[in-house]
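Remarks on the overall topology
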Amino acid sequence: MQTSTDANIEMLLTDLSDAQREAVTHTDGPLLILAGPGSGKTRVVTRRAAHLACTVTDPHRILAITFTNKAAKEMQARVDVLGVANGMTVCTFHALCAKLLRWHHDRAGVPKNFTIFDRDDRRKLIKKTLVRCNLASENWSPASVEQEIGRAKNAMLTPEAYAQNYGDYQSRTYARIYETYEKLLTEMGGLDFDDLLMRMAMTLDRDGELRTELENRFHYVLIDEYQDTNAAQYKIARLLTRDRKNLCATGDPDQSIYGWRGADIENILSFEKDYPSASVVRLEQNYRSTKRILAAADSLITGNTQRKEKALWTENDEGVPVRVIAFESGEAEAFGVAQDIARQTRGGASLRQVAIFYRVNSLSRVIEEALMREGINYQIARGVEFYNRKEIRDVLAYIRVLLNPADEIALLRVINTPPRGIGATTIGRLTAAAQTAGMRVIDALMNEEILSGLGRSAAKVRVFGKLLSNLTAALELSPPKALEFVISHSGLRAMYKDEGDGDDAPRGNLDELVSAAAAYHEDNPEATLIEWLEYAALVSDVDAVAEDVDKVTLMTLHAAKGLEFDIVYVLGLEDGLLPFRRDFGGLGSEDDTEEERRLCFVGMTRARKGLTLTRARYRMMRGITQRTVRSPFLDELPEDGVECSEQGGDSGARRAGRRQPVDHGELPADVAEWTVGTLVEHPLHGLGQILSIHRGARRTHVDVQFKDGEKRSWVLEFADLKRVDFDDVGDAF
DNA sequence: AATATTCCCGTTTTT
DNA sequence: CGGGAATATT
């Protein structure tokens, strides 16, 4: 027995560097792993968990907290492969808190069946709150209230604490709004995202017994991406490890990119102060990227002043140069990238290993179109979007009401969905009557006395009440069956039956929801409906990316954290976009630039072999095309190992008057937006479509098929052709 | 009450 | 540009 364990341990330590081994074999006491990008952190962390399980503890005494569900799933899988740590708890902070709060609901002071309010719900509730407070939303914009409440909760300020902090009129009003918001939220049995963390932190703080109980349950706690923890998460981490101090934090200050939502980089920077006995392991060797990619990223991040020096190095090959390419427009950029990908793929690269990153989601549209036209398969990391679709939210709202009848936001969503003749007037009367009577809306609509005050509409409301009680039968079913039951009996399926066009038809999405729940049920046969709902509420964007499909992956830079690809494109390196600034023209704050730089660093360091940074000289955003300025980040890259194609134009021209030679002709910016199939317009001949295109050394020849049946040829540079957007033409062809 | 239409606004990133 | 809300129409 002993020998087999020894053999296991031996196995866990193979192929590790000295630093990695040190981290893996560390057992008791606080440990900080400062892990640069691509330094084998995941491997170290999983081996360490397995090592702990083999030597000093049981797997079920280990708690690992990750940043996304996808990361949790991956870590779980990698630990499972090692075969010695089955039974570990691996989840995100939010999922952990949701589970613990539900499990210990009585001690946390939350309802057993609380429902999770997402951003959309929060907005709706804020609007209701403003009405309740008699404040005009013109003066108190829901957006600013949202931000303020979020800030308060991230700082773990209750309404009372918040109110004590400031005395001016604006803050006092915010305090009043926050207080009312909390009151309504509590009445509805809801917890918003921030509550999950804040309530858990406060409960642990207050309830020493529970804290002890949990520390006795989890002897070893491991927190990944520690640089992105906020005040509440930090508090939870500290409280869970107060006595044993077996906290292993891993992270990289250079990859802290969530300051805007309350993450405090200080948490990781002051780890050694918080835990004076801490061991610190630095993982600085990069096993992922080529020398050139790493050098470029390192050169960029050096621009940050508030930073712990870190020496990144790699024994990997030099690799091909990092490319910086300027295109004329966002469309040209998208097509250029799409064509480049097509070329790389012809050279044998797999689409699975290609990723496109951008700063804002709105950039994904153009790229999608370009990829589609080039016939390149792609997937977009937007798991949340699916659950935000109207028809999906409808279903979830029904489920929410069934599980938590106090959830008025959900109730009011479904009361007339599908339309059943309960209009705004009736709803207004009903909610008003409920409020005067001091009842919940759900009780009011089942209350004959109140119904009698509704006149003719009472009958319709009664029907709805009856429907809800019929639907409660779903509560006895497994998640997929419950969904199916609700979708068919609520009338949602009938309502969406003949609506929709193509692949994002509501109907198909409803089916997909059921399938997703069925898959969940397979993986978690014991899980109840409310657990599924919780899971659905905490889905993140990256959770939706599949690894086993041959598709290019598109995502925001934020979503890219923790991932890696052979070939990476980062789009939109323009001043104001990356680094992003909301206040063009105003004074931007310096701290933001540092976080933006880290974000760019994260994106660049995802690449193993190929890295391309692109920008557009003109970019259309929210309807208007504007000239852009190249990102200052581009000037922070080394000259060595970086290849710039800034052909044409004059922005950022380094040698004025002299044309930069374009040696690698793969991506001629001006021509890139002209491809076979491109729709064009000619002043004389009208609409046409490019039949073929021949690129010569100096000229490009095109053949165009026109709508009038004629075929005509030009030298592209001299033809008076204009590109036409596909959408503008409809089914002209 | 339901649907069709216009208009107006806000502009990151997300658990 | 695009979504949501206010407004016009049936």
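Presented here is a report on the structure given in the accompanying data block. (Residues numbered from 1 in each chain as written. Chains lettered and ligands numbered in written order. Predicted model: local features only at pLDDT ≥ 70, side-chain atom pairs only at ≥ 80, totals over all residues. Heavy atoms only, no water.)

Bringing the sheet that holds strand 1 (residues 31–35) into the picture now. The parallel open sheet is built from 6 strands, whose spatial order is 3-2-6-7-1-8. Looking along the sheet, the strands with just one partner apiece sit at the ends: strand 3 (89–92) and strand 8 (279–283). Mean inter-strand twist for the sheet, computed between neighbouring axes without regard to direction, equals 15°. For strand 1 and strand 7 (residues 247–251), the ladder comprises 4 bridges, and the chain directions are parallel. Counterpart to Leu32 in the pairing with strand 7 is Ala249. Docked against the sheet, helix 4 (residues 69–82) engages strand 2 (62–66) and strand 3, running at close to 165° with respect to strand 3. Relative to strand 3, helix 5 (residues 93–103) is tilted by about 110°, and along the sheet it contacts strand 2, strand 3 and strand 6 (220–223). (Pairing = 2+ DSSP bridges. Helix = DSSP H or I, 4+ residues; strand = E, 2+ residues; numbered from the N terminus. Axes fitted to C-alpha atoms, helices over the stretch in contact; angles between N-to-C directions. Contact = heavy atoms within 4.5 Å.)

The next thing to look at is the packing of helix 20 (residues 390–403) against helix 26 (residues 479–489). For any two helices packed against each other, one specifies the crossing angle of their axes together with the interaxial distance. Helix 26 packs onto helix 20 with a crossing angle of 110° between their chain directions and a minimal axis gap of 10 Å. On the basis of the axis angle, helix 20 is roughly perpendicular to helix 26. Along its contact with helix 20, which presents Val395, Tyr398, Ile399 and Leu402, the element helix 26 presents Leu483, Val486 and Ile487. Partitioning the contact of helix 20 with helix 26 into residue classes produces 7 nonpolar, no polar and no charged. (Parallel < 35°, antiparallel > 145°, perpendicular 65-115°, else oblique. Nonpolar A, V, L, I, M, F, W, Y, C, P; charged D, E, K, R; others polar.)

What the rule picks out here adds up to 10 aromatic pairs. Where Tyr226 meets Phe271, the ring centres are 5.8 Å apart and the plane angle is 85°; that geometry is what we call edge-to-face. Taken as a pair, Tyr226 in the loop between strand 6 and helix 13 (231–240) and Phe271 in helix 15 (residues 271–274) lie far apart in primary sequence, 45 residues in all. Take Tyr226: its relative accessible area is 0%, and that puts it in the buried class. Cluster of aromatic residues (ring-pair linked, three or more members): Phe67, Tyr258 and Trp260. Arg238 extends its terminal NZ or CZ atom over the ring of Tyr275, reaching a point 4.8 Å from the ring centre. (Phe/Tyr/Trp six-rings, centres within 6.5 Å; stacked < 30°, edge-to-face > 60°. Buried < 20%, exposed > 50% of the residue type's maximum accessible area, 1.4 Å probe, protein only. Lys NZ or Arg CZ within 6 Å of the ring centre and 35° of its normal.)

Neighbouring residues of DNA strand C: Lys127, Arg365, Met620, Arg622 and Gly623. Of everything in DNA strand C that lies within 4 Å of the protein, sugar and phosphate atoms constitute 40%. At 3.4 Å from a phosphate oxygen of DNA strand C is found a side-chain nitrogen or oxygen belonging to Lys127. A distance of 3.3 Å separates a sugar or linking oxygen of DNA strand C from a polar backbone atom of Gly623. (Near = heavy atom within 4 Å. Polar contact = N/O pair within 3.5 Å; in protein donor to acceptor, adjacent residues only side chain to side chain.)

For strand 14 (residues 552–556), the tally of buried residues reaches 5 of 5 residues, placing the bulk of the element in the interior. Residues of strand 14 alternate between two faces, with Val552, Leu554 and Thr556 on one and Thr553 and Met555 on the opposite face, all of them buried. As defined by bridge partners, strand 12 (residues 354–358) adjoins strand 14 across 4 bridges and the pair is classed as parallel. From the neighbouring strand, Phe357 faces strand 14, where its bridge partner is Met555. By the bridge criterion, 3 bridges tie strand 13 (residues 378–380) to strand 14 in an arrangement that is parallel. If you follow Gln379 over to strand 14, its bridge partner there is Thr553.

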